[in-house]
Amino acid sequence: DIQMTQSPSTLSAFVGDRVTITCRASQSISNWLAWYQQKPGKAPKLLIYKASSLESGVPSRFSGSGSGTEFTLSISSLQPADFATYYCQQYNSFSVTFGQGTKVEIK
Amino acid sequence: EVQLVESGGDLVQPGGSLRLSCAASGFTFNSYEVNWVRQAPGKGPEWVSYISNTGSNIYYADSVKGRFTISRDNAKNSLYLQMNSLRAEDTAVYYCARGKGATYFDYWGQGTLVTVSS
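Residues numbered from 1 in each chain as written. Chains lettered and ligands numbered in written order. Predicted model: local features only at pLDDT ≥ 70, side-chain atom pairs only at ≥ 80, totals over all residues. Heavy atoms only, no water.

1. Points about the overall build of chain B
(1) Moving on: Scanning chain B from terminus to terminus reveals zero helices and 11 strands.
(2) Moving on: Its C-alpha atoms give chain B a radius of gyration of 13 Å, near enough to 13 Å, the size a compact globule of 118 residues would have.
(3) Moving on: Dimensions of chain B, computed from the C-alpha atoms along their principal axes, are close to 40 × 25 × 25 Å.
(4) Moving on: Buried positions account for 50% of the 118 residues belonging to chain B.
(5) Moving on: Contacts spanning at least 24 positions in sequence make up 53% of the contacts within chain B whose residues lie at least 6 apart.
(6) Moving on: About 5300 Å² of surface is accessible on chain B, with carbon and sulfur atoms providing 45% of the total.
(7) Moving on: Mean positive and mean negative side-chain charge positions of chain B (10 and 10 charges, respectively) differ by 3 Å. (Helix = DSSP H or I, 4+ residues; strand = E, 2+ residues; numbered from the N terminus. Rg over C-alpha atoms; globule rule 2.2 N^0.38 Å. Buried < 20%, exposed > 50% of the residue type's maximum accessible area, 1.4 Å probe, protein only. Contact = heavy atoms within 4.5 Å. Areas by Shrake-Rupley, 256 points an atom, 1.4 Å probe, with all protein chains shown as cover. Lys, Arg positive; Asp, Glu negative; His and termini not counted. Charge placed at Lys NZ, Arg CZ, Asp CG, Glu CD.)

2. Side note on the environment of B:Tyr104
(1) Moving on: Looking at the secondary structure, you find B:Tyr104 in the loop between strand 9 (92-99) and strand 10 (105-108).
(2) Moving on: Sequence-wise, B:Tyr104 and B:Asn35 are 69 residues apart; in three dimensions their C-alpha atoms are separated by 10.0 Å.
(3) Moving on: Those residues in contact with B:Tyr104, other than ones at most four positions away along the chain, are A:Ala34, A:Tyr36, A:Leu46, A:Tyr49, A:Gln89, A:Tyr91, B:Arg98 and B:Gly99.

3. Side note on the sheet that holds strand 1 (residues 3-7) of chain B
All names here are of chain B.
(1) Moving on: Across the sheet, which stays open at both edges, the four strands sit in the order 1-3-8-7 with antiparallel pairing between neighbours. Across the chains shown, the open sheet's two edge strands, defined by having one partner strand only, are strand 1 and strand 7 (68-73). The sheet shows a mean angle of 15° between the axes of neighbouring strands, direction not considered.
(2) Moving on: Bridge count for strand 3 (residues 18-25) against strand 8 (residues 78-83) is six bridges, and the pairing is antiparallel. Within strand 8, the residue paired with Leu-18 across the bridge is Met-83. (Pairing = 2+ DSSP bridges. Axes fitted to C-alpha atoms, helices over the stretch in contact; angles between N-to-C directions.)

4. A closer look at the state of the cysteines
(1) Moving on: Tallied over the entire structure, the rule returns two disulfides over all chains.
(2) Moving on: Residue A:Cys23 pairs covalently with A:Cys88 via a disulfide, S to S 2.1 Å. Its torsion about the S-S bond being 70°, the disulfide of A:Cys23 and A:Cys88 is classed as right-handed. Of the two residues, A:Cys23 sits in strand 3 (residues 19-25) while A:Cys88 sits in strand 9 (residues 85-90), which places them 65 residues apart along the sequence.
(3) Moving on: Under the relative-accessibility criterion, A:Cys88 is labelled buried at 0%.
(4) Moving on: Across the disulfide, B:Cys22 is cross-linked to B:Cys96 (sulfur-sulfur distance 2.0 Å). Judged by the sign of its S-S torsion, about 50°, the bond between B:Cys22 and B:Cys96 is right-handed. One end of the pair, B:Cys22, is in strand 3; the other, B:Cys96, is in strand 9, and 74 residues separate them in sequence. (Disulfide = S-S within 2.5 Å.)

5. Some points on the packing of aromatic side chains
(1) Moving on: With the rule as written, the count across this model stands at 13 aromatic pairs over all chains.
(2) Moving on: Following the ring pairs from residue to residue traces out a cluster consisting of A:Tyr36, A:Phe98, B:Tyr95, B:Phe105 and B:Trp108.
(3) Moving on: The ring of B:Phe27 has B:Arg98 lying over it, and the distance from NZ or CZ to the ring centre is 5.0 Å.
(4) Moving on: The positively charged end of B:Arg98 is found above the aromatic ring belonging to B:Tyr32, 3.9 Å away from the centroid. (Phe/Tyr/Trp six-rings, centres within 6.5 Å; stacked < 30°, edge-to-face > 60°. Lys NZ or Arg CZ within 6 Å of the ring centre and 35° of its normal.)

6. A look at the environment of B:Tyr60
All names here are of chain B.
(1) Moving on: Summarising the element assignment, Tyr-60 is placed in strand 6 (residues 58-60).
(2) Moving on: Remark: the alpha-carbon pair of Tyr-60 and Ile-70, spanning 10 residues in sequence, is separated by 8.5 Å.
(3) Moving on: Excluding residues within four positions of it along the chain, Tyr-60 makes contact with Trp-47, Val-48, Ser-49, Lys-65, Phe-68, Thr-69 and Ile-70.
(4) Moving on: In this structure the side chain of Tyr-60 is engaged in a polar contact, spanning 2.9 Å, whose partner is the backbone nitrogen of Ile-70. (Polar contact = N/O pair within 3.5 Å; in protein donor to acceptor, adjacent residues only side chain to side chain.)

7. Examining the sheet that holds strand 8 (residues 70-75) of chain A
All names here are of chain A.
(1) Moving on: A sheet is described by the order of its strands in space; here four strands give the open sequence 1-3-8-7, paired in antiparallel fashion. The sheet is open, and its two edges are formed by strand 1 (4-7) and strand 7 (62-67), each paired on a single side. For this sheet, the mean angle separating the axes of adjacent strands, direction not counted, is 20°.

In structure tokens, the structure reads:
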């Protein structure tokens, strides 16, 4: 299986900060990568697919970039609703795999 | 509005069986692939199984192959997961998730908790 490694595991930031989360794949996955946001007790919510395509209804402060093995999720100006855990997911191989998550906390 | 509602989660002993259901509404169920994805406490999600829109193609994660069976009833807009020979490591919240092919998941249910413990 393709392994997905996210960094950092935890990120502390202020409202209004720009934050960036990194996801690395153990082998090239082209741009077959999605990002999700999850809040406690809730299901993951799709934010980005195909590495940089914004899902309908997701605020434009979220953006994704990268290809091959290194990807980033950026939030341009962190809002109170954005404090959550974020997961990347590869779908290059049929056995899709997720990263271990990055928790974004209030500083 | 797209809705996926899981049910059937419970506390079960190791070696036991359980059947999960997922009721879909708000979209043309027989046009979409669907999946089961689980999440153990404090862990990232783990894909479990996939079924194509007609049910003709089915795939499983190695961790559940031979123990779990996915199925669907398009007339009832429902997805199922039959889980046999359950192990402690199967303890998780189980989500049904609509797939964009065998790729990413654009809608998820609220999840149902399966606890395997004696």
